[in-house]
Amino acid sequence: MTQNTRQTWADRQLPSTDTACRKRELSVSSCLLAFLVFAALTCGGCQTSLPPLPNPPGPKTTVRLSPGDTIKVSYSDETIPDQTQKIRRDGKVSLPFLGEVTVAGKRIIDFQNELVSRYEQDLEKSEVLVTLESGAANVIVSGFVNKPAKLSFDRPTTVFQAIMEAGGVSDYGSLSNVHLTRIINGEQRTETLNLKPAIRGKPTKPKYVQDGDVIYISRNWF
């Protein structure tokens, strides 16, 4: 009788032991899954090394005209009124005697010399003066920033200044993982910038924005 009772008691304990083992296996699996998810998120937020974008514009960079700029063409020939026009999206303006003229992508002095040469056939005094009345650069700042927006700048502006103009990075933003995207020769290219040294007061080489740039502030995972 005693032996049968012990056997019955042992049989009752077996399911509980199996259940405990299964719980431990599930616990280990859950911990492993959580670790893998954390590792994936961490790696996804890590800063990747991307090559710098070529020819960043700055205060000493030769200005090239672009759509949205407003230019003024002053004529030495008094029979033609001065022209103040905004360069259209197709990169052209319309001028007396010449009609449609492509402006975008040209330096101011080069465009001026081109007009002098072309007006020699039509005007007694072909000298003209081309000046840039306004040249706004439209930049989009997005991601983990306090005030995501499309901003317009009419003077040389750095990426850091553009981010500060958008209210600075949010509590979840990372100044060490800023993506600057620019269209170069018909291709969209991205550079990763670390702006933390700038906010810490360390000397850094500024990166200037240009028209059409997109600045994206990544999430700070740490």
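Parameters and conventions
- Residues numbered from 1 in each chain as written.
- Predicted model: local features only at pLDDT ≥ 70, side-chain atom pairs only at ≥ 80, totals over all residues.
- Heavy atoms only, no water.
- Helix = DSSP H or I, 4+ residues; strand = E, 2+ residues; numbered from the N terminus.
- Expected span 1.5 Å × (residues − 1).
- Buried < 20%, exposed > 50% of the residue type's maximum accessible area, 1.4 Å probe, protein only.
- Arc of directions from axis to C-beta.
- Contact = heavy atoms within 4.5 Å.
- Phe/Tyr/Trp six-rings, centres within 6.5 Å; stacked < 30°, edge-to-face > 60°.
- Lys NZ or Arg CZ within 6 Å of the ring centre and 35° of its normal.
- pLDDT = per-residue confidence, 0-100.
- Pairing = 2+ DSSP bridges.
- Axes fitted to C-alpha atoms, helices over the stretch in contact; angles between N-to-C directions.

S.K.: Please provide a residue-by-residue account of helix α2 (residues 108-119), values included.
M.R.: Along its 12 residues, α2 runs 17 Å from first to last C-alpha, staying within 8% of the 16 Å computed at 1.5 Å per residue. Listing the buried residues of α2 in full gives Phe 111, Gln 112, Leu 115 and Tyr 119. Within α2, the buried residues cover an arc of 100° as seen down the axis, which keeps them to one side. If you follow the buried residues of α2, they end up packed against β1 (70-75), β3 (92-95), β4 (99-102) and β5 (128-134).

S.K.: So what about the packing of aromatic side chains? Which residues, and what values?
M.R.: A ring pair, where both rings are aromatic, is described by two values, the distance of the centres and the angle of the planes. This model, assessed by the stated rule, comprises 1 aromatic pair. Pairing Tyr 75 with Tyr 119 gives two aromatic rings, centres 5.4 Å apart and planes at 80°, and the pair type is edge-to-face. Here the residue Tyr 75 occupies a position in strand β1, and Tyr 119 occupies one in helix α2, the gap between them amounting to 44 residues. For Tyr 75, a relative accessible area of 9% puts it in the buried group. On the basis of relative accessibility, which here comes to 0%, the residue Tyr 119 falls in the buried class. Lying over the aromatic face of Trp 221, Arg 219 brings its terminal NZ or CZ to 5.0 Å of the ring centre.

S.K.: Tell me about the confidence of the model for the chain, and name the residues and values.
M.R.: Summarising the model, the chain shows a mean pLDDT of 80, and 72% of its residues fall at 70 or more. Per-element confidence in the chain is highest for strand β10 (residues 214-219), whose mean pLDDT is 96, and lowest for helix α1 (residues 2-45), whose mean pLDDT is 50. Segment residues 37-48: pLDDT under 50, and 11 contacts once partners within four positions in sequence are set aside and those in other chains are kept.

S.K.: So what's going on with the sheet that holds β10? Residues and values would help.
M.R.: The pairing of strands in a sheet happens through backbone hydrogen bonds and is either parallel or antiparallel. Strands sit in the order β7-β6-β10-β8-β9 across an open sheet of 5 strands; the sheet is mixed. Taken across any chain shown, the strands that pair with only one partner, and hence form the sheet edges, are β7 (149-153) and β9 (187-193). Each strand axis lies, on average, 25° off the axis of its neighbour in the sheet, ignoring direction. Pairing analysis gives 5 bridges linking strand β6 (residues 137-143) to β7, with the strands arranged antiparallel. The residue of β7 that forms the bridge with Ile 140 is Lys 150.

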